[in-house]
Amino acid sequence: MAEVSLQNISKSFGESEAVRNLTLTIRDGEFVVLLGPTGAGKTTTLRLIAGLERPDKGRVTIGGQDMAGAAPAGRDVAFVFQQYSLYPHLTVYENLAFPLRSPARRLSTDEIGRRVREVAKMVRIDHKLENRSTRLSGGEMQRVAIGRALVRKPSIYLMDEPLSSLDAKLRGELRLELKRIQSELGSTLLYVTHDQIEAMTMADRIGILNDGELIQLGTPRDIYSNPVNLHVAARLGQPHINLIPEGLVPGGQPPKGTKTIGARTEHLEIHAGNGNANAEIDWIEHLGDQSHLHMRIAGHKLVTLANPYVPVMPGDKITLMLKDPLYFGSDGQRLV
Amino acid sequence: MAEIRIENLRKQFADFTAVQDSSFTVGDGEFLALLGPSGCGKTTTLRMIAGLELPTSGKIYLDGEDVTFNRARERDIAFVFQLFALYPHMNVRKNIGFPLLSQGVPKAEIKARVEETAKLLQITHILEKSVSGLAGGDRQRVALGRAIVRRPKCFLMDEPLGTLDAEFREVMVHELRELHNRIHATTVYVTHDQHEAMAMADKIAVMNHGIIEQFGTPQEIYNRPASMYVADFIGSPPMNFLKFSAGLQKGTRSVSVDGVDIALPEVRQDMAVGELALGVRPEHIRFNDNSALRGSVYGAEYLGTNQIVAIETGKGLLKARVSADRTFRIGETVGLELDSEKLSLFDCASGRAVKSSLYTEARHG
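About the cut-offs
- Residues numbered from 1 in each chain as written.
- Chains lettered and ligands numbered in written order.
- Predicted model: local features only at pLDDT ≥ 70, side-chain atom pairs only at ≥ 80, totals over all residues.
- Helix = DSSP H or I, 4+ residues; strand = E, 2+ residues; numbered from the N terminus.
- Contact = placed C-beta atoms within 7 Å.
- Buried ≥ 20, exposed ≤ 12 C-beta atoms within 10 Å, placed from the backbone.
- Domains from an automatic or database assignment.
- Pairing = 2+ DSSP bridges.
- Axes fitted to C-alpha atoms, helices over the stretch in contact; angles between N-to-C directions.
- Nonpolar A, V, L, I, M, F, W, Y, C, P; charged D, E, K, R; others polar.
- pLDDT = per-residue confidence, 0-100.
- Expected span 1.5 Å × (residues − 1).
- Arc of directions from axis to C-beta.
- Parallel < 35°, antiparallel > 145°, perpendicular 65-115°, else oblique.
- Left-handed = near helix turned anticlockwise from the far one by under 90°.

Caption draft 1: Inspection of the overall build of chain A at higher detail. Along the backbone of chain A there are eight helices and 19 strands. On the principal axes, the C-alpha backbone points of chain A span a range of 80 × 45 × 35 Å. Relative to all contacts within chain A whose residues are 6 or more apart in sequence, the contacts with residues 24 or more apart total 65%.

Caption draft 2: Structural detail: the overall build of chain B. Tallying secondary structure elements over chain B gives nine helices and 20 strands in all. Dimensions along the principal axes, computed over C-alpha positions, put chain B at roughly 75 × 50 × 40 Å. Going through the 365 residues of chain B one by one, you find that 44% of them count as buried. Once local pairs closer than 6 in sequence are excluded, the contacts in chain B between residues at least 24 apart make up 65%.

Caption draft 3: Expanded view of the domain arrangement of chain B. Residues and elements named next belong to chain B. Splitting chain B by domain gives domain 1 (4-223) and domain 2 (228-364). The distance between the C-alpha centroids of domain 1 and domain 2 comes to 37 Å. When contributions to the side of domain 1 that touches domain 2 are tallied by element, the ones reaching two or more residues are helix H6 (194-200), strand E9 (203-208), strand E10 (211-216) and helix H7 (218-223).

Caption draft 4: Quick peek at the sheet that holds strand E3 (residues 31-35) of chain A. All names here are of chain A. With mixed pairing, six strands are arranged side by side in an open sheet as E6-E7-E8-E3-E9-E10. Each edge of the sheet is formed by a strand with only one pairing partner; in this case those strands are strand E6 (77-80) and strand E10 (213-218). Recorded for the sheet is a direction-independent mean angle of 20 degrees between the axes of neighbouring strands. Where E3 meets strand E8 (residues 189-193), five bridges bridge the pair, whose relative direction is parallel. Counterpart to Val-33 in the pairing with E8 is Tyr-191.

Caption draft 5: Structural detail: the interface of chain B and chain A. Between chain B and chain A, the contact holds 25 residues from the first and 25 residues from the second. Mapped onto the side of chain B that touches chain A, the elements with two or more residues apiece are helix H5 (166-183), H6, H7 and strand E16 (294-302) of chain B. Of all the elements, E16 of chain B adds the most residues to the side of chain B that touches chain A, at four residues. A breakdown of the residues in the side of chain B that touches chain A according to their chemical character gives 13 nonpolar, seven polar and five charged.

Caption draft 6: Main features of the sheet that holds strand E16 (residues 300-306) of chain A. Residue and element names in this part refer to chain A. Taken together, five strands build an open sheet; the order of strands is E13-E17-E14-E15-E16 and the sheet is antiparallel. Looking at strand neighbours, the two that pair on one side only are strand E13 (268-272) and E16, the edges of this open sheet. Averaged over all pairs of adjacent strands, the angle between strand axes in this sheet comes to 40 degrees, irrespective of strand direction. Note: strand E14 (residues 279-286) against strand E15 (residues 291-297), six bridges, orientation antiparallel. Note on E15: the bridge partner recorded for His-286 is Ser-291.

Caption draft 7: Main features of the domain arrangement of chain A. Residues and elements named next belong to chain A. As assigned here, chain A comprises domain 1 (4-235) and domain 2 (242-335). Just the C-alpha atoms count here: the centres of domain 1 and domain 2 sit 38 Å apart. Each side of the interface is counted separately: domain 1 has six residues, and domain 2 has eight residues. By residue class, the composition of the side of domain 1 that touches domain 2 is four nonpolar, two polar and no charged.

Caption draft 8: A look at the confidence of the model for chain B. In this model, chain B carries a mean pLDDT of 92, and residues with pLDDT of at least 70 account for 97%. Taken together, the chains of this predicted complex give a pTM of 0.87 and an interface ipTM of 0.84.

Caption draft 9: Quick peek at the environment of Arg-141 of chain B. All names here are of chain B. Of note, Arg-141 is situated in helix H4 (residues 136-148). Classification of Arg-141 by C-beta neighbours within 10 Å gives buried; the count is 26. Linking Arg-141 and Leu-121, residues 20 residues apart in sequence, is a C-alpha distance of 6.6 Å. If sequence neighbours within four positions are ignored, Arg-141 has contacts with Leu-121 and Ile-123.

Caption draft 10: Helix H3 (residues 109-122) of chain A, seen in detail. Residues and elements named next belong to chain A. A rise of 1.5 Å per residue sets the reference length of H3, with its 14 residues, at 20 Å; its end C-alpha atoms lie 20 Å apart and thus fit the reference within 8%. Restricting attention to buried positions, one finds in H3 the residues Val-116, Val-119 and Ala-120. Buried positions in H3, seen along its axis, are confined to an arc of 105 degrees and lie on one side of it. Facing away from the buried surface of H3 by more than 90 degrees, the exposed residues are Asp-110, Glu-111, Arg-114 and Lys-121. Summarising the contacts, the buried residues of H3 are in contact with helix H2 (92-97) and helix H4 (138-150). Immediately beyond the C-terminal end of H3, within one or two residues, lies Arg-124, with a positive phi of roughly 55 degrees.

Caption draft 11: The arrangement of unusual backbone geometry in detail. Cis geometry marks the peptide bond from Gln-238 of chain A to Pro-239 of chain A; its omega dihedral reads 0 degrees. Tracing the backbone through its elements, the reader meets Pro-239 of chain A in the loop between helix H8 (230-235) and strand E11 (242-245). The residue after Ser-236 of chain B, namely Pro-237 of chain B, is reached through a cis peptide bond having omega -5 degrees. With respect to the secondary-structure elements, Pro-237 of chain B resides in the loop between helix H8 (228-233) and strand E11 (240-248). Although it is not a glycine, Ala-14 of chain B adopts a positive phi angle of roughly 50 degrees. One can find Ala-14 of chain B in the loop between strand E1 (4-13) and strand E2 (16-26). On the basis of neighbour counts, which here come to 5 C-beta atoms within 10 Å, the residue Ala-14 of chain B falls in the exposed class. Phi at Asp-76 of chain B takes a positive value of approximately 55 degrees, unusual for a residue other than glycine. Position of Asp-76 of chain B relative to the elements: it lies in the loop between strand E5 (65-66) and strand E6 (77-80).

Caption draft 12: A look at the packing of helix H3 (residues 107-121) of chain B against H4 of chain B. Residues and elements named next belong to chain B. For the pair H3 and H4, interaxial distance at closest approach is 10 Å and the crossing angle is 135 degrees. Taken together, the axes of H3 and H4 are oblique relative to one another. Judged by the twist between their axes, the crossing of H3 over H4 is right-handed. In this structure, H3 contributes Thr-117, Ala-118, Leu-120 and Leu-121 to the contact, and H4 contributes Arg-141, Leu-144, Gly-145 and Ile-148.

Caption draft 13: How the structure looks around the environment of Leu-322 of chain A. Residue and element names in this part refer to chain A. As for its position among the elements, Leu-322 is in strand E17 (residues 317-322). Residue class for Leu-322 comes out partly exposed when judged on the 18 C-beta atoms lying within 10 Å of it. In sequence terms Leu-322 and Lys-153 are 169 residues apart; their C-alpha atoms lie 50 Å from each other. Other than its neighbours up to four places away in sequence, Leu-322 contacts Val-249, Pro-250, Gly-251, Gly-252, Ile-261, Ala-263, His-267 and Leu-268.

Caption draft 14: Highlighting the pairing of strand E3 (residues 31-35) of chain B. Residues and elements named next belong to chain B. Most of E3 is tucked away, with five of its five residues classed as buried. Alternating positions in E3 separate into two faces, Phe-31, Ala-33 and Leu-35 on one and Leu-32 and Leu-34 on the other, with burial throughout. Here five bridges tie E3 to strand E8 (residues 186-191), and the two strands are oriented parallel to one another. When the bridges of E8 are listed, Leu-32 appears paired with Val-188. Relative to E9, E3 is paired through four bridges, and the arrangement is parallel. Looking at the pairing, Leu-32 lines up with Lys-203 of E9.

Right, dumping it as structure tokens:
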């Protein structure tokens, strides 16, 4: 495993600038997730590290070594793609062993067997080693694809939305497993996704990408609690952060120049109306473990999480107050 | 608007029974979600209500009228499919008005109804725009407008949000429900996504292998699942099961799981010795160092306001939803306390819930 560093990387495809002056260091043993919508430059960043694309400007180093001119095969990276690409005619065992059979590696059959079994157990596919890869469910195939990257011990794992084709339940299970495996192995891992839950739950640090630029880099708690601008604030959190004009809801101490207030559940206090109500419960979304209260205040809609046993009804008048919310200026930047 | 009543509905395709003996009623103005995995019979049920499939046996009543064998177009139903197709060469106004035009509605009335529909969907400002230039959300709204403008007796929707990305789906879930709150049209909505069903529906029918496993409000289904299948299908993460072997007598108020006594709602039936599963929702697990039920932290998933902590125990991996304030170390030993009043108990052989005070009393208020 190794530290991987991007310095002032830019890459354009024709007129469109996919990555713009990107500087990012993934520390040895760190799990970094790049989060952004389609077209933000996530996949291009992975491909630049893997050597599948060449930067127009800037430097990629792996373990301190400049990768300029190094072919993909010479970079010691393992790539996991969104669509699992297994060898259909081979068993699970052979698929996992394949990267180890490269003549350059000169591993003994015993050594290969030991590594394959170790990894198969890790990704929980050890009971199906002799199955043809085509006889597996989607989730099992993706576990084999991840396993095939893990049998090698590269400098860095590069993963491009590897869980996005799976159903919600399996995705939840594999998230936990992948994080667990990465921390057990101490691997360096760069993972890209548009799914905020994956980023929040797995990353040591999240990088928020937008239009080819890295907007903010920090721990999930840091990005969630201290977003640098409106864009970042809106990327994380369920329900979506409430973005409301200054002056709409009382409470808080907006600094000079505040235009927009960002209020998550933890920034809102709700009290029973008692004559000085300023808001009304519009409707309640019962999600079982918790409820989303949809509220209306002077024509604006707000949503907040609530305990499912909280005694409110649609139509109830309430008093809504702010409690240390986030403040943003007219340029969308955070004001502290 | 209308009530939809289904009686003993059954659909057989050669050897395969897609829907077995389903009976339920969707009240006037109610929003029902038919929820289940692919192949459970939910779409077949919807297609029979629409008249796109004929039942093998059973009856379908629309507003009291037997429509079981009526043609689809005689049913006054709007069917919204997964992929919304708009006429690319027409503007928004013409797309929405088209169903009325083909019914021969007078021009002035078409204009009034299109405008009323656009107002309802908050798309008045794009009425004259071409649909080809519209963003995804507006396209969906136009497609909905085309269904609403006919003022059908009910809406049938087959995974209309299935192809959208997660973030946008959440926005549309809220919009659809708010639209329902405004027009109160009887709606049957098919989905495999439990979150969509919980968020939008007044009633949910959870289906499995052609059978309705449970029919009830989202809260009933979540808090008092009738079977292990339902308990596992609903919730994210789903209900945890702690399996153990025991017999039960009426009046039992605690069980012993691996030598740890766990209090639970009073059992209301006798059960011979067999395998049982204690069901506990993630948010009903609390950390308590003094508890005899112990485990070690396997992983923690931070979600902002709260977090999911996975704990390895003698009964397998349990997931707890707790506040995000506390941080956990992997491998740390923790004590777990379960919220006794909210536990379910299941018979593993049949998968059905064991009767208890939670299930019986709650129903009467």
